[in-house]
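Here is how the chains run, residue by residue.
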Amino acid sequence: MPEDNLTQNKHLQKWIQEMAELCQPDKVVWVDGSEAQLEVLRAEAAGTGEMIKLDPVKHPNSYYHRTHRNDVARTEDKTFICTRNKADAGPTNNWKSPEDAYAEASGFFRGSMRGRTMYVVPFAMGPLGSPFRKIGVELTDSIYVVLNMRIMCIIGNPVSEELGASNDFTRCLHGKGTLDADKRRILHFPEDNTVWSVNSGYGGNVLLGKKCLALRIASWMAKQEGWLAEHMLILGVEDPSGRTEYIAAAFPSACGKTNLAMLLPPEGLRSKGYKIWTVGDDIAWIRLDAKGQFRAINPETGFFGVAPGTNIRTNPSAVASVRKNTIFTNVVLGKDGTVWWEEGDGEPPADAVDWLGRPWHLGIKDADGKPIAGAHANSRFTAPFNQCPSASPHAGDPEGVPISAFVFGGRRNTLAPLVYEAFSWDHGVFVGSSMASERTAAQFGKQGEVRRDPFAMLPFCGYHMGRYFQHWIDMGRAAKTLPKIFHVNWFKRGQDNRFLWPGYGENLRVLEWILERARGEGDAEATPIGYVPTPDALDLAGLEIDSDTMEELLKVDVNSWKHEADDIEAFFATLGSELPSELREELSSLRTRLDEKTAAAAR
Ligand code: OXD
Ligand code: MN
């Protein structure tokens, strides 16, 4: 037992003991969350080179860290849902039996912390005292993890005090091990409320409160307990009358969620009095309140955002958020203690090393003459939520914020119009369940290939996807006020392959229409796929966009949608008998509406 262990919790004590016996750390240190202790850890990590302290004037209290070159992103092929019955994990997850998974990973953990310290990090996802909050305890041999957890959630004594003698906490064990990629495992045991992660040091695999607890384990809990754990941003739109309404939106990774969550209104709308309030950029926990209204919290207290592409134009609020108290991972490091990344602001530091630690300068090329990027494409910043200028004053409300609209989005080069509204809750669930993105020329693989990512939860749903769809349908039945459901596509391209919509701040024009529709206002036209804005329904004042482009953006091409219906059917078939009948019916109604449209055009 750690000498300074402040917990009297017998369940926690027993588990720490067992895990320490397995991993054999030299020391077990209780993380109390105090600034004094964190300072000691920062100094220790700076001493060993695990973290590099950045220039205290340009980047106050900020650090740099590099992960192993084979360990720079989430590893979905090494991520498993370990349930007694394989069917409970469903066809979209990798599965292992709990016995096999524990046995194999125990081998990797055994003795792996010799010569190292095991840190005990009690953490809370969601505000303390809130009906939403869940408690976890992460055991880790990485100071980088402790310091990131400090930014991403509430840690330390306030959490263990709230836990008291209860056994109701997620047991999270993380060990860097040898960083051997073949032996990397991210294992979820929802039946045991346990996560084991070994042989990785990359954030998404090791900050176990985030994807592992707040999405995979939480989605399982949410199904049992009657709530929703979603891969969604939450934002508030304040209109000129001072009214603020909230939207929760799901997009696959790399579709600009953080940018949308921190959107800065374009001048035209800002001068009218519009403001955006950020509640969360990645995860939403959603419950029905006593009145049957959906309310959401962001269970995190920080941003773990992608650095490249973040600049004063794309996301000024993110730039402000990372000014201090930030950890940068795998970006360019200057000898002068500054950091830089591609499509960031300003010039790179003169004397710099890239994310692999090699001397680097802008324009440097590899042996084939290809430019070498200085920052890894998935390099990250970890920054405190409350440093965001658009942080909502209601982000920490224990009851959450009321949700007026759910928005789903994908990256579709052609098919999907800029925005459309589902006809009903079940139709909206169908829209979420059939979400997809197309590969662009910038991605590896066949261009135009469609990848289904239902509710942007494909890598994060901790149980059978068909049952998850059913849960969404059931939540709609339980609600007394139903938010409307929308689909957006910022990425539609014209004949010349250029984006038709300017995106970024201008997306607020679309959100404005969405909220009007949610209130029962706003003009729309029924099409086979849903309600689409009439040509003059969007407020385009101050935006230079011609009517042909708008027509193209809002167009619903019936033949392409017929192909889409075939593709959705093929995807649904992979879910077998667990696909809710409501979704089968929605697909068949979509086909009927498309056929009617063709018939009407022929008449
Ligand atoms: C993330 C992701 O890091 O979705 O948030 O990949
Ligand atoms: Mn995410």
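Analysis parameters
Residues numbered from 1 in each chain as written. Chains lettered and ligands numbered in written order. Predicted model: local features only at pLDDT ≥ 70, side-chain atom pairs only at ≥ 80, totals over all residues. Heavy atoms only, no water. Pairing = 2+ DSSP bridges. Helix = DSSP H or I, 4+ residues; strand = E, 2+ residues; numbered from the N terminus. Salt bridge = Lys/Arg side-chain N within 4 Å of Asp/Glu carboxyl O. Buried < 20%, exposed > 50% of the residue type's maximum accessible area, 1.4 Å probe, protein only. Core = buried A, V, L, I, M, F, W, Y, C linked by side-chain atoms within 4.5 Å. Contact = heavy atoms within 4.5 Å. Near = heavy atom within 4 Å. Polar contact = N/O pair within 3.5 Å; in protein donor to acceptor, adjacent residues only side chain to side chain. Areas by Shrake-Rupley, 256 points an atom, 1.4 Å probe, with all protein chains shown as cover. Nonpolar A, V, L, I, M, F, W, Y, C, P; charged D, E, K, R; others polar. Donors = N, O, S within 2.8 Å, 3.2 Å for Na, K, Ca; no water. Axes fitted to C-alpha atoms, helices over the stretch in contact; angles between N-to-C directions. Parallel < 35°, antiparallel > 145°, perpendicular 65-115°, else oblique. Left-handed = near helix turned anticlockwise from the far one by under 90°. Disulfide = S-S within 2.5 Å. Domains from an automatic or database assignment. Buried area = accessible area lost by both parts, 1.4 Å probe.

Focus on the sheet that holds strand β22 (residues 359-360)
Moving on, step 1. The four strands lie next to each other as β20-β19-β21-β22, forming an open sheet whose pairing is antiparallel. Across the chains shown, the open sheet's two edge strands, defined by having one partner strand only, are β20 (339-340) and β22.
Moving on, step 2. Bridge count between strand β21 (residues 352-353) and β22: two bridges; the pairing is antiparallel. Residue pairing for β22: Val353 is matched across the bridge by Pro359.

So, the pattern of salt bridges
Moving on, step 1. Enumeration according to the criterion identifies 42 salt bridges in this entry.
Moving on, step 2. For Glu225, the salt bridge goes to Lys134, with nearest N and O atoms at 2.9 Å. Separated by 91 residues along the polypeptide, Glu225 in helix α8 (residues 209-225) and Lys134 in strand β6 (residues 134-140) bring together distant segments of the chain.
Moving on, step 3. You can call Lys134 buried: its relative accessible area is 12%.
Moving on, step 4. Here Glu245 ties to Arg519 by a salt bridge, and the two come within 2.5 Å at their closest N and O atoms. One end of the pair, Glu245, is in strand β13 (residues 244-250); the other, Arg519, is in the loop between α14 (507-518) and β29 (524-527), and 274 residues separate them in sequence.
Moving on, step 5. In this structure Glu245 comes out as buried when scored by relative accessible area, which is 12%.
Moving on, step 6. On the basis of relative accessibility, which here comes to 29%, the residue Arg519 falls in the partly exposed class.
Moving on, step 7. Through salt bridges with shared partners, a single network forms among Lys210, Lys211, Lys257, Asp282 and Glu300.

What about the nonpolar core?
Moving on, step 1. Core analysis: the biggest nonpolar cluster contains 158 residues, and Ile247, Trp285, Phe406, Phe469, Trp472, Trp501 and Ile514 have the highest contact counts within it.
Moving on, step 2. Excluding anything up to four places from it in sequence, Trp501 contacts Leu418, Trp490, Glu506, Asn507, Arg509, Val510, Leu540, Leu543, Ile545, Met550 and Leu553.
Moving on, step 3. If you look at the next biggest cluster of nonpolar residues, it comprises 30 residues, including Ala105, Phe109, Val137 and Leu139.

Section: the site of ligand 1
Moving on, step 1. By nearness alone, every residue bordering ligand 1 is listed as Arg74, Lys211, His231, Ser253, Asp282, Arg380 and Phe460.
Moving on, step 2. Between ligand 1 and Arg74 there is a distance of 2.8 Å, counted from an oxygen atom to a side-chain nitrogen or oxygen.
Moving on, step 3. Arg380 has a polar side-chain atom sitting 3.1 Å from an oxygen atom of ligand 1.
Moving on, step 4. Against a free-state accessible area of 210 Å², the protein chains account for coverage of 85% of ligand 1.
Moving on, step 5. Here the shell around ligand 1 is built from residues that sort into one nonpolar, two polar and four charged.

Looking at the pairing of strand β9 (residues 185-189)
Moving on, step 1. The buried fraction of β9 is high, at five of five residues.
Moving on, step 2. With five bridges connecting them, β9 and strand β10 (residues 194-198) associate as antiparallel partners. Across the sheet, the residue bridging to Ile186 is Ser197, located in β10.
Moving on, step 3. Connecting β9 to the antiparallel partner β10 that follows it, the hairpin turn spans four residues, and Asn193 within it adopts a positive phi of roughly 50 degrees.

With respect to the environment of Asp336
Moving on, step 1. Tracing the chain through its elements places Asp336 in the loop between β19 (332-334) and β20.
Moving on, step 2. Along the sequence, Asp336 and Asp351 sit 15 residues apart, while their C-alpha atoms lie 7.6 Å from each other.
Moving on, step 3. In contact with Asp336, other than residues within four places in its own chain, are Asp55 and Pro349.
Moving on, step 4. Polar side-chain contacts of Asp336 include one of 2.7 Å to the side chain of Thr338.

Examining the coordination of the manganese ion (ligand 2)
Six octahedrally arranged donors around a metal ideally form angles of 90 or 180 degrees; four tetrahedrally arranged donors ideally form angles of 109.5 degrees.
Moving on, step 1. The manganese ion (ligand 2) binds to the protein through Lys211 (NZ), His231 (NE2) and Asp282 (OD), with metal-donor distances spanning 2.2 Å.
Moving on, step 2. Written as a sequence motif, the donor residues of the manganese ion (ligand 2) are K-x19-H-x50-D. Taken together, the residues His231 in the loop between β11 (228-230) and β12 (232-238) and Asp282 in the loop between β14 (275-280) and β15 (284-288) connect sequence positions 51 residues apart. An identical accessibility class is assigned to His231 and Asp282; each is buried.

Section: the packing of helix α12 (residues 425-433) against helix α13 (residues 465-478)
Two quantities define a packed helix pair, namely the angle between the axes and the distance from one axis to the other.
Moving on, step 1. Running from N to C, α12 and α13 point in directions that differ by 155 degrees, and their axes come no closer than 10 Å. Compared by their axis directions, α12 and α13 come out roughly antiparallel. As α12 packs across α13, the resulting crossing turns out to be right-handed. Residues Trp425, Asp426, Val429 and Ser433 of α12 form the contact with α13, whose own contacting residues are Phe469, Trp472, Ile473, Gly476 and Arg477.
Moving on, step 2. Broken down by class, the residue content of the contact of α12 with α13 amounts to five nonpolar, two polar and two charged.

A few points about the state of the cysteines
Disulfide: a covalent bond connecting the sulfur atoms of a pair of cysteines.
Moving on, step 1. Applying the stated rule across the entire model yields zero disulfides.
Moving on, step 2. Looking at Cys82, it has no disulfide partner, and the nearest cysteine sulfur is the one in Cys212, 11 Å off.
Moving on, step 3. We classify Cys82 as buried; its relative accessible area is 1%.
Moving on, step 4. For Cys172, which is in no disulfide, the shortest distance to another cysteine sulfur is to Cys212 and amounts to 7.5 Å.

A short note on the domain arrangement of the protein
When the parts of a complex come together, some accessible area is lost, and that lost area is often taken as the interface size.
Moving on, step 1. Domain parsing of the protein yields domain 1 (10-30 + 75-225), domain 2 (229-298 + 395-597) and domain 3 (303-387).
Moving on, step 2. Relative to domain 3, the C-alpha centre of domain 1 lies at a distance of 29 Å.
Moving on, step 3. Contact residues are listed per partner, giving ten residues for domain 1 and ten residues for domain 3.
Moving on, step 4. When domain 1 packs against domain 3, close to 760 Å² is buried across both sides, 69% of that on carbon and sulfur atoms.
Moving on, step 5. The largest per-residue losses of area from domain 1 upon contact with domain 3 belong to Tyr144, Ile151 and Tyr202, which jointly make up 60% of the total buried on that side.
Moving on, step 6. Across the contact surface, domain 1 and domain 3 share zero salt bridges.
Moving on, step 7. Taken together, the links from domain 1 to domain 3 amount to four residue pairs in polar contact (both at pLDDT 80 or more).
Moving on, step 8. Looking at the side of domain 1 that touches domain 3, the elements with two or more residues in it are α5 (143-152) and α7 (203-206).
Moving on, step 9. In terms of residue class, the side of domain 1 that touches domain 3 is made up of six nonpolar, three polar and one charged.

Quick notes on the side chain of Ser106
Moving on, step 1. For Ser106, the position within the fold is in helix α4 (residues 98-109).
Moving on, step 2. According to the relative accessible area criterion, Ser106 is buried, its value standing at 12%.
Moving on, step 3. One polar contact links the side chain of Ser106 to the main-chain carbonyl oxygen of Tyr102, over a distance of 2.6 Å.
Moving on, step 4. Discounting chain neighbours no more than four positions away, the residues touching Ser106 are Leu22 and Trp196.

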